[in-house]
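Reading the structure
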Amino acid sequence: MAKTANPAENAQLKDIIAHAKEYGFVYPSSEIYDGLQAVYDYGAYGVELKNNLKRLWWETMTRVHENIVGIDAAIFMHPTTWKASGHVDSFNDPMIDNKDSKKRYRADVLVEEHAAKLENEGKVDEAKQLTAALARLLEAEDLAGVRDLIINEGITCPISGTSNWTDVRQFNLMFSTQVGSVADDASTIYLRPETAQGIFVNFLNVQKTARMKVPFGIAQIGKAFRNEIVARQFIFRMREFEQMEMQFFVRPGTELDWYQKWADVRMRWHLALGTPAEKLRKHDHEKLAHYANAAMDIEYEFPFGFKEVEGIHSRTDFDLKSHQEYSKKKQQYFDPEVNQNYIPYVIETSIGADRLFLLTLCNAYTEETTEDKTRVYLKFHPAVAPVKAAILPLTKKDGLPEKAQEIVELLKYDFNIIYEEAASIGKRYTRQDLIGTPFCIAVDHQTLEDNTVTIRHRDTTEQERVPISELHGRIAEATSFRRVFERI
Ligand code: ATP
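Rules of the game
Residues numbered from 1 in each chain as written. Predicted model: local features only at pLDDT ≥ 70, side-chain atom pairs only at ≥ 80, totals over all residues. Heavy atoms only, no water. UniProt positions renumbered as here; feature names shortened; annotations may be inferred. Helix = DSSP H or I, 4+ residues; strand = E, 2+ residues; numbered from the N terminus. Expected span 1.5 Å × (residues − 1). Contact = heavy atoms within 4.5 Å. Near = heavy atom within 4 Å. Polar contact = N/O pair within 3.5 Å; in protein donor to acceptor, adjacent residues only side chain to side chain. Areas by Shrake-Rupley, 256 points an atom, 1.4 Å probe, with all protein chains shown as cover. Nonpolar A, V, L, I, M, F, W, Y, C, P; charged D, E, K, R; others polar. Pairing = 2+ DSSP bridges. Axes fitted to C-alpha atoms, helices over the stretch in contact; angles between N-to-C directions.

The name given to the protein in an unreviewed UniProt entry is Glycine--tRNA ligase, with Algoriphagus kandeliae as the source organism. The UniProt entry for the protein carries the following comment under Subunit (unreviewed entry): "Homodimer." What UniProt records for the protein under Function (unreviewed entry) is the sentence "Catalyzes the attachment of glycine to tRNA(Gly)."

**A few points about the environment of Ser181**
Structurally, Ser181 can be placed in the loop between strand S7 (176-178) and strand S8 (188-190). When the C-alpha atoms of Ser181 and Val309 are compared, they prove to be 39 Å apart, with 128 residues separating the residues in sequence.

**Some details on helix H5 (residues 107-120)**
Since one α-helical turn is 3.6 residues long, residues separated by three or four positions face the same way. With 14 residues, H5 should reach 20 Å at 1.5 Å per residue; the first-to-last C-alpha distance of 20 Å fits that figure. Buried residues in H5 make contact with strand S4 (92-97), strand S5 (104-106), helix H6 (124-139) and helix H7 (143-152). Gly122 lies just past H5 and shows a positive phi near 90°.

**Some thoughts on the site of the ligand**
As a matter of local geometry, the ligand sits amid 17 residues, with Glu228, Arg237, Met238, Glu308 and Val309 nearest to it. A distance of 2.6 Å separates an oxygen atom of the ligand from a polar side-chain atom of Glu308. Interatomic distance of 3.0 Å between a side-chain N/O atom of Arg355 and an oxygen atom of the ligand. Computed on the free molecule, the ligand has an accessible area of 590 Å², of which 85% lies beneath the protein chains in the complex. When residues of the shell around the ligand are traced back to their parent elements, those giving at least two are strand S10 (240-250), strand S13 (305-316) and strand S16 (345-352). In terms of residue count, the dominant contributor to the shell around the ligand is S13 (5 residues). Here the shell around the ligand is built from residues that sort into 5 nonpolar, 5 polar and 7 charged.

**Examining the side chain of Arg315**
Mapped onto the fold, Arg315 is located in strand S13. In this structure the side chain of Arg315 is engaged in a polar contact, spanning 3.4 Å, whose partner is the side chain of Glu194. When near neighbours in sequence (up to four residues on either side) are disregarded, Arg315 contacts Glu194, Ala196, Gln197, Phe200, Gln247, Tyr291, Ala292, Val346 and Glu348.

**Examining the sheet that holds strand S20 (residues 417-419)**
Overall, mixed pairing links the 5 strands, which are arranged S20-S19-S21-S22-S23 in an open sheet. For this open sheet the edge positions go to S20 and strand S23 (463-467), each flanked by a neighbour on one side alone. Direction aside, neighbouring strands of the sheet carry axes that sit 25° apart on average. Two elements, strand S19 (residues 389-393) and S20, share 3 bridges in a ladder whose sense is parallel. Bridging from a neighbouring strand, Ile391 pairs with Tyr419 of S20.

**A word on the sheet that holds S13**
With mixed pairing, the 7 strands of this open sheet are ordered in space as S3-S9-S10-S16-S13-S12-S11. This sheet does not close on itself; its edge strands, each paired only once, are strand S3 (68-70) and strand S11 (280-284). If you compare each strand with its neighbour and ignore which way they point, the axes differ by 25° on average. With 5 bridges connecting them, S11 and strand S12 (residues 294-302) associate as antiparallel partners. Residue pairing for S12: Asp284 is matched across the bridge by Met296. In the packing of helix H2 (residues 44-64) onto the sheet, contacts are made with S3, strand S9 (216-225), S10 and S16, and the angle to S9 comes to roughly 155°.

Take a look at the structure:
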């Protein structure tokens, strides 16, 4: 259950949003036109961080695991895909409007947030009963019951303070558009709301062409689109976002073992990246989606409470079976070990690249107050830090810039490096702290004499003298993905 945030924690989110904009991580989309709600753009350092996170996920999946390969499917898919997957009929969220404020809410979220408030007040049993009641009503698709629950619990609109609610209605989250020049129903297609279906419809193509044997997985990173009813909390809930999904195909009957295995592997991945254990937890789903026989979320404690970052779902054979029915093409696999044809069962791990980005930013954002000064820095794991090292000549003369440029040449083909010569060295260190650069390399007069430089470490601010010849090896060691992989 989500923990409601206190005002200080929300102030922290505001600081993080402001920092992300000011230092080139995330901007509101089309900001000169006042932005587009729930859509964001990534800036110079943001794109580097996001690419590093995506690459780390990709390589974990496709390199660390020999039985996982990748694909890159198109965003547009045949519209029947979404009929077969159940999205046309049931990819809905229950929405409710407050008649006084004219604000729209997700009815289930209103109840969950109220339950979280009760939990914070120590009314744990009451909170549990409330979430269980909500789950039952949603399961039974009893929307009038959900409205009664909201009214009986005295849940009011945070803006108007009233409980003058409309009926609860279902709202389909898929964006649709027209393909071709004739605008009739037959040409309506959807922007994919999840990347998973691109994997399912290619299951046999990949299995055959990459000569995969069950158990095996297919990984994909790509854009997904959802017309979210309420888009809040910065890049946590966007209308256009990126998913990193892996579907793991297993023999029927073995799926729950694999489900536990993948939940553990994914949890270890987050820990290996430096997310503290107390900020992560597993949360079993109370209401299972139509395709699942087990499901859990990995949640992270954001400044606005514990929320889902990644879903682990045991999707049974629902998707492949349904595509077989709708396409009339067999989606079976012949398993030579048991000499049988079957439709494999599927375990899915699904994480939003943008949510992982927000987790990484929240986790890295550090304010340290010493005496009268506050130092702000981003404590990124060096493997995902947008810039790995800054090369800083102490002065602009005496041949120091030329020497520093030699070091840039030495490093720039393997690492994302910044060269900077303007402003005092202290100011330049501060600028690198603010974007989370783990190493600042200062070039001074001694460098000209003995080919050594000073490395200043971001987290401790400690400095040490090292030979230029050691720089490449040291940065490579600290930023290598291998250090993360070894801890999984
Ligand atoms: P939520 O309950 O928060 O709406 P969900 O359970 O619908 O999420 P899934 O369908 O399981 O999410 O999607 C898998 C992952 O995709 C989520 O764990 C999340 O990281 C990411 N994700 C889903 N919706 C969004 C969104 N609107 N913006 C950003 N990331 C999202």
